[in-house]
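Notes for the structure review
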Amino acid sequence: GMEGADVKQLQQALNARGFLVALSGAGSPGNETTYFGPATLAALKQFQCQTLNVCSGTAYTTGYGQTGPMTRARLNQ
């Protein structure tokens, strides 16, 4: 997985919108981390499916699982 401050911001945004990275411990609300792993990916995909209607494909074909321009725009609303 990737790491960085932007990952923590992504986890915070997902958690704040109810797309929980984790229920408790690392990644949970108030315990966000800088690590982008399987739990962050799952929360991101759930967000994309429910808010952008992008529920399949790959990061390269539909952007599914990637924090691209459409996802960032929706997170900033």
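The coordinates are above.
Read on for an overview of the structure. (Residues numbered from 1 in each chain as written. Predicted model: local features only at pLDDT ≥ 70, side-chain atom pairs only at ≥ 80, totals over all residues. Heavy atoms only, no water.)

This part covers the side chain of Thr 71. Along the chain, Thr 71 falls in helix α3 (residues 69-75). Among the residues examined, Thr 71 registers a relative accessible area of 4% and is labelled buried. Side-chain polar atoms of Thr 71 contact the side chain of Gln 48, separated by 2.8 Å. (Helix = DSSP H or I, 4+ residues; strand = E, 2+ residues; numbered from the N terminus. Buried < 20%, exposed > 50% of the residue type's maximum accessible area, 1.4 Å probe, protein only. Polar contact = N/O pair within 3.5 Å; in protein donor to acceptor, adjacent residues only side chain to side chain.)

Below, the discussion takes up the state of the cysteines. Under the defined criterion, the tally for this structure stands at one disulfide. Covalent S-S linkage joins Cys 49 and Cys 55, the inter-sulfur distance amounting to 2.0 Å. On the S-S bond that ties Cys 49 to Cys 55, the torsion sits near 95°, and the link is right-handed. Owing to a relative accessible area of 27%, Cys 49 belongs among the partly exposed residues under this scheme. (Disulfide = S-S within 2.5 Å.)

This paragraph deals with the nonpolar core. Taken as a class, soluble globular proteins show a tendency for nonpolar side chains to be buried jointly. Residues Val 7, Leu 10, Ala 13, Leu 14, Phe 19, Val 21, Phe 36, Ala 43, Leu 44, Phe 47 and Leu 75 constitute the largest nonpolar core, which totals eleven residues. When contributions to this core are tallied by element, the ones reaching two or more residues are α1 (5-16) and α2 (38-52). In terms of residues, this core owes the most to one element, α1, which gives four residues. (Core = buried A, V, L, I, M, F, W, Y, C linked by side-chain atoms within 4.5 Å.)

Packing of α1 against α2 brings their axes to within 10 Å, and their N-to-C directions diverge by 50°. On the basis of the axis angle, α1 is oblique to α2. Handedness of the α1/α2 crossing: left-handed. Packed against α1, whose contacting residues are Leu 10, Gln 11 and Leu 14, the element α2 presents Thr 40, Ala 43, Leu 44 and Phe 47 at the interface. Across the contact of α1 with α2, the residue classes break down as five nonpolar, two polar and no charged. (Axes fitted to C-alpha atoms, helices over the stretch in contact; angles between N-to-C directions. Parallel < 35°, antiparallel > 145°, perpendicular 65-115°, else oblique. Left-handed = near helix turned anticlockwise from the far one by under 90°. Contact = heavy atoms within 4.5 Å. Nonpolar A, V, L, I, M, F, W, Y, C, P; charged D, E, K, R; others polar.)

Along the chain, the position of Asn 15 falls in helix α1. What makes Asn 15 buried here is its relative accessible area of 7%.

Here Arg 17 is to be found in the loop between α1 and β2 (35-36). Sequence-wise, Arg 17 and Gln 66 are 49 residues apart; in three dimensions their C-alpha atoms are separated by 17 Å. Residues within four places of Arg 17 in sequence aside, it is in contact with Phe 47, Leu 75, Asn 76 and Gln 77. Looking at Arg 17, its side chain comes within polar contact range of the main-chain oxygen of Ala 13, at 3.0 Å. In terms of polar contacts, Arg 17 uses its side chain to reach the backbone carbonyl oxygen of Leu 75, at 2.3 Å.

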